[in-house]
Structure formats: C-alpha cells, structure tokens
Amino acid sequence: MSERKRIFSGMQPTGALTLGNYLGALKNWAQLQDEYDSIFCVVDLHALTIRREPARLRADSLSLLAQYIACGIDPEKNILFLQSHVSAHAELSWILNCYTYMGELGRMTQFKEKSARHQDNINAGLFTYPVLMAADILLYQTDLVPVGGDQKQHLELARDIAERFNGIYGDVFKVPEPYIPKVGARIMSLQEPTSKMSKSDENENAYITLLDPPDAVIRKFKRAVTDSEASVRFDQENKPGISNLMTIYSSVTGKTYDEIEREFEGKGYGDFKLAVGEAVVEALKPVQGRYNELMSSRDYLTEIARKGAETAEYLANKTLRKVYKKIGLVPRP
Ligand code: ATP
Ligand code: LTN
C-alpha cells in the first residue's frame, strides 16, 4: 500500500442498512475512498452479541458486502472483507481486554442501552464489544475512522487503549481520529424523533432501509411524526421531527437548511414530507439496482471477500506480531 493515510470502518450484518447508517457513515466512506487507503469490514463477530439464526447471519453478511458496493464503495480500490476471516481481530481483542478496565466498559452508553433492551442476554461479548472494535481499528494502524455520532465514545476508548498500550511498550499503535459528519451524524427515528433511527427497531415505520421499495419509502415519510406548528423550520429542540426530516433532505439533496426553509415557506407538512420521500426514493434507485445485480453474482462477492481477507490478513498480522513480541510472548519457532 502507498503512503496515503488509512481509513478503517465497519458495520454489523444485522439486516438491511438504514438511511441512518448510510447518511451517518457509508456516504462518507464513499466520499473518502479516493483520498485514503480504505479498509471496510463486515463485522460479523460483533453481530454475535445478539442471538441470530445462523442462516440469517450468513445471508446478511454477504448482503452487507453487496450493500457497501452498491453504495459506491469500489472493490477494486478498497479492501473489503469479513471480520471472522482474519483471526487477528479475535486475537488482538483478547490482548486488549487485558489493557481495558471494567469501569471504562461499564460507562459505555451503547452497553447500557443494549443491556437494558436485551435483559435476557446480557453476555460478556456485549460488555467487551468496544475492545473488539478497538482491535479492528488498531490492527491496521488506522488514521481515520468514519462513523456516526453514536460511535464517538467507542472511538475515544480505542484511543485511550492505544495510548495506554503505547505508554507501556513504545509506539506500537497509531492513535486513530474519528470522522463524524456535520450533517447526518445522528438520523432520528421517524416515529420517535428523539431516539436514534435503528435497524433493530420493532416498528418498521421508524426507519427507512436502503432496500425499501419506493411506495414504502413514501408511506413511511408520510407517517413520520412531526409537530402541530406547520412551518418547515430547523429547531432541533422544539421540532425534532421536522428537523430530522430537514437533515435527511439536506444530506440527500445537498441543500442547506436556509434553502429548505425558503423552498417550503407557506407550504404544509404534507408537501414537505412528500418531497423528502421523493428525494430519498431517487437517491436509493441506483443503489437498489446495483444491489440486485450484485446479489445475483454470488461468486463475484465471495471472490472480493477472499481477496480482501488475504490483504487484510497480511496487514493485520504485521501489527499482531509486533504486539506479541512487545508484550513478551515467545515467537513461534
Ligand atoms: P442498531 O440496530 O444497534 O441500531 P446500527 O444501525 O447502529 O445498529 P451498526 O452496524 O452498529 O448499526 O452501525 C453502523 C454505522 O452506522 C456506525 O458508524 C454508526 O455510527 C452508524 N449509524 C447507525 N445508526 C445511525 C443513525 N441513526 N444516524 C447516523 N449514523 C448511524
Ligand atoms: N461498533 C460499530 C461497528 C464497528 C466499527 C468497527 C466501526 C465495529 N468495528 C471499527 C468502525 C471501526 C457500530 O457501529 N456499532
């Protein structure tokens, strides 16, 4: 690889991606891929923290790879692979567990939220999830990690772990920086605009997926929860629903909030919701077309994953060997 700076990011194969995943992260991956050496991972090991049907997990993993490519991630220019194909992730994760404190992990908002939501399965993996994420990032000497706003805390922990480790053993890891978009870092639920749009929401009217057909997209936007004031104006605090729709519209069309306010001056919410829906349908059309093509060429997808894992493994093992040596494990004769 060249001397360009490096990006690493990943998503869990837990079903079709939402507009939140796209606007918060994937759109930036696509924009940054020309400037950076990029590694994009399907983090299938992370997805095990929630009980899944094996066949579903298998199908979702290749489907996620296809969604990355359909959203414009070029498999010729970037490394695309499945986390479980490179064993260094699990290995470094164990090591880093020994350099991470219970207190730090207990403070993670995502752990608190997920353990409240899955009370019947608060497993140790859910607790150490951010350590595996730190391993993902640190293995590749990553400069920049493009993610949505909800991952900021996990990234700060990854930085703390890297600095702690480097403090003891010298410069082993590059300390990564987060890359979080100014607009779209936190797309909210269409039904409950004060909580995050999430693909695991029980109410499917709460989220738009990249694979939703046009009529579903329009219907979900029409039903989006708003306020009773009937003026299209950005005010996150008092008008979270409308502000969220404005964020989506702005991210998809590139229009500023001021331009949007002017465009819908004197018009009702019905017109605005329809315009947002139509803009999203337009944006998703090419993505869905490419996705369907890719899903019918399974061999092409598995070949990308195979090649990606090969390169990723080479890079990851360089770091892992260095770590093993630094901490005093005897090199394999
Ligand atoms: P969950 O079902 O737990 O909500 P998720 O949608 O957060 O899962 P992940 O695979 O964990 O899915 O997240 C992938 C990426 O999408 C991360 O970078 C995350 O920050 C980003 N992301 C997720 N939801 C949103 C959202 N509502 N707005 C902006 N970015 C988001
Ligand atoms: N925890 C992330 C997914 C993730 C990730 C990563 C993101 C796992 N490993 C490495 C960036 C870099 C999430 O979005 N829930």
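Participant: Looking at this structure, how should I read the overall build of the protein?
Facilitator: A tally of regular secondary structure across the protein gives twelve helices and five strands. For the protein, whose C-alpha radius of gyration is 21 Å, the value lies close to the compact-globule estimate of 20 Å for 333 residues. Dimensions of the protein along its principal axes, counting C-alpha atoms only, are 75 × 45 × 40 Å. Counting only residues that meet the buried cut, the protein has 50% of its 333 residues in that class.

Participant: Looking at this structure, how should I read the packing of aromatic side chains?
Facilitator: In this description, an aromatic ring pair is defined by two values, namely the gap between the centres and the angle between the planes. Taken as a whole and judged by the stated rule, the model has 13 aromatic pairs. On the numbers, 4.5 Å between centres and 5 degrees between planes, the contact of Trp29 with Phe40 is stacked. Placement of Trp29 in helix H1 (residues 19-32) and of Phe40 in strand S2 (residues 37-42) is noted, with a sequence separation of eleven residues between them. A residue is classified by how much of its surface remains accessible, and Phe40, at 0% relative accessible area, is buried. Between the aromatic rings of Tyr249 and Phe272, the centroid separation amounts to 6.0 Å while the plane-to-plane angle is 80 degrees, which identifies the pairing as edge-to-face. Within this pair, whereas Tyr249 is found in helix H9 (residues 240-253), its partner Phe272 is found in helix H11 (residues 269-295), the two being separated by 23 residues in sequence. The two residues Tyr249 and Phe272 agree in class, both being buried. Feature note: the residues Tyr99, Phe165, Tyr169 and Phe173 constitute an aromatic cluster, connected by ring pairs.

Participant: Looking at this structure, how should I read the site of ligand 2?
Facilitator: Close contacts around ligand 2 come from 14 residues, with His46, Tyr129, Met133, Asp136 and Gln151 the closest. Contacts to ligand 2 include Asp136, whose side-chain N or O atom sits 2.7 Å from a nitrogen atom. Protein chains bury 91% of the 370 Å² of accessible surface belonging to ligand 2 in isolation. When residues of the shell around ligand 2 are traced back to their parent elements, those giving at least two are strand S1 (6-11) and helix H6 (124-139). For the shell around ligand 2, the residue count by class is seven nonpolar, six polar and one charged.

Participant: Before we go on, may I ask you to explain the site of ligand 1 in this structure?
Facilitator: Among the 20 residues in the neighbourhood of ligand 1, the closest are listed as Lys114, Asp150, Ile187, Ser198 and Ser200. With respect to ligand 1, the backbone of Gly148 contributes an N or O atom lying 2.9 Å from an oxygen atom. Interatomic distance of 2.8 Å between a side-chain N/O atom of Ser200 and an oxygen atom of ligand 1. For ligand 1, the accessible surface in isolation is 600 Å², of which the surrounding protein chains cover 96%. For the shell around ligand 1, the per-class residue count stands at six nonpolar, nine polar and five charged.

Participant: Quick question: what am I supposed to make of the pairing of strand S3 (residues 79-82) here?
Facilitator: The side chains of a regular strand alternate between both faces of the sheet. Alternating positions in S3 separate into two faces, Ile79 and Phe81 on one and Leu80 and Leu82 on the other, with burial throughout. For S2 and S3, the ladder comprises four bridges, and the chain directions are parallel. Residue pairing in the sheet places Cys41 in a bridge with Phe81 of S3. Taken together, S2, helix H2 (residues 54-70) and S3 constitute a β-α-β crossover, and its handedness is right-handed.

Participant: Quick question: what am I supposed to make of the packing of helix H3 (residues 88-97) against helix H12 (residues 298-327) here?
Facilitator: Each pair of packed helices can be described by the angle between their axes along with the distance between the axes. In the contact formed by H3 and H12, the axes pass within 10 Å of each other and the chain directions differ by 30 degrees. Between H3 and H12, the angle is such that the two are roughly parallel. Seen from above, H3 lies across H12 with left-handed handedness. Along its contact with H3, which presents Ala88, Glu91, Leu92 and Ile95, the element H12 presents Ala316, Asn317, Leu320, Val323, Tyr324 and Ile327. When its residues are assigned to classes, the contact of H3 with H12 shows eight nonpolar, one polar and one charged.

Participant: Whenever I open this one, the pairing of S1 confuses me. Can you help?
Facilitator: Burial of S1 is extensive: five of the six residues sit out of reach of the surface. Pairing between S1 and S2: six bridges, direction parallel. Within S2, the position partnered with Ile7 by the bridge is Ser38.

Participant: Just checking my understanding: could you explain the side chain of Ser61 for this structure?
Facilitator: Among the secondary structure elements, Ser61 is positioned in helix H2. Overall, the relative accessible area of 7% leaves Ser61 in the buried class. A polar side-chain atom of Ser61 sits 2.8 Å from the main-chain carbonyl oxygen of Leu57. Contact partners of Ser61, with chain neighbours within four places excluded, come to Pro13, Val42, Asp44 and Leu82.

Participant: Please clarify how the packing of H2 against H11 should be interpreted in this entry.
Facilitator: Two elements in contact, H2 and H11, have axes separated by 9 Å at closest approach and are oriented at 135 degrees. As far as their axial angle goes, H11 and H2 are oblique. The hand of the H2/H11 crossing is right-handed. Counted together, Leu62, Ser63, Ala66, Gln67, Ile69 and Ala70 of H2 and Val287, Arg290, Tyr291, Leu294 and Met295 of H11 form the full contact between these two elements. Residues that form the contact of H2 with H11 fall into these classes: eight nonpolar, two polar and one charged.

Scoring rules and cut-offs
- Residues numbered from 1 in each chain as written.
- Chains lettered and ligands numbered in written order.
- Predicted model: local features only at pLDDT ≥ 70, side-chain atom pairs only at ≥ 80, totals over all residues.
- Heavy atoms only, no water.
- Helix = DSSP H or I, 4+ residues; strand = E, 2+ residues; numbered from the N terminus.
- Rg over C-alpha atoms; globule rule 2.2 N^0.38 Å.
- Buried < 20%, exposed > 50% of the residue type's maximum accessible area, 1.4 Å probe, protein only.
- Phe/Tyr/Trp six-rings, centres within 6.5 Å; stacked < 30°, edge-to-face > 60°.
- Near = heavy atom within 4 Å.
- Polar contact = N/O pair within 3.5 Å; in protein donor to acceptor, adjacent residues only side chain to side chain.
- Areas by Shrake-Rupley, 256 points an atom, 1.4 Å probe, with all protein chains shown as cover.
- Nonpolar A, V, L, I, M, F, W, Y, C, P; charged D, E, K, R; others polar.
- Pairing = 2+ DSSP bridges.
- Right-handed = clockwise from strand over helix to strand, strands pointing away.
- Axes fitted to C-alpha atoms, helices over the stretch in contact; angles between N-to-C directions.
- Parallel < 35°, antiparallel > 145°, perpendicular 65-115°, else oblique.
- Left-handed = near helix turned anticlockwise from the far one by under 90°.
- Contact = heavy atoms within 4.5 Å.

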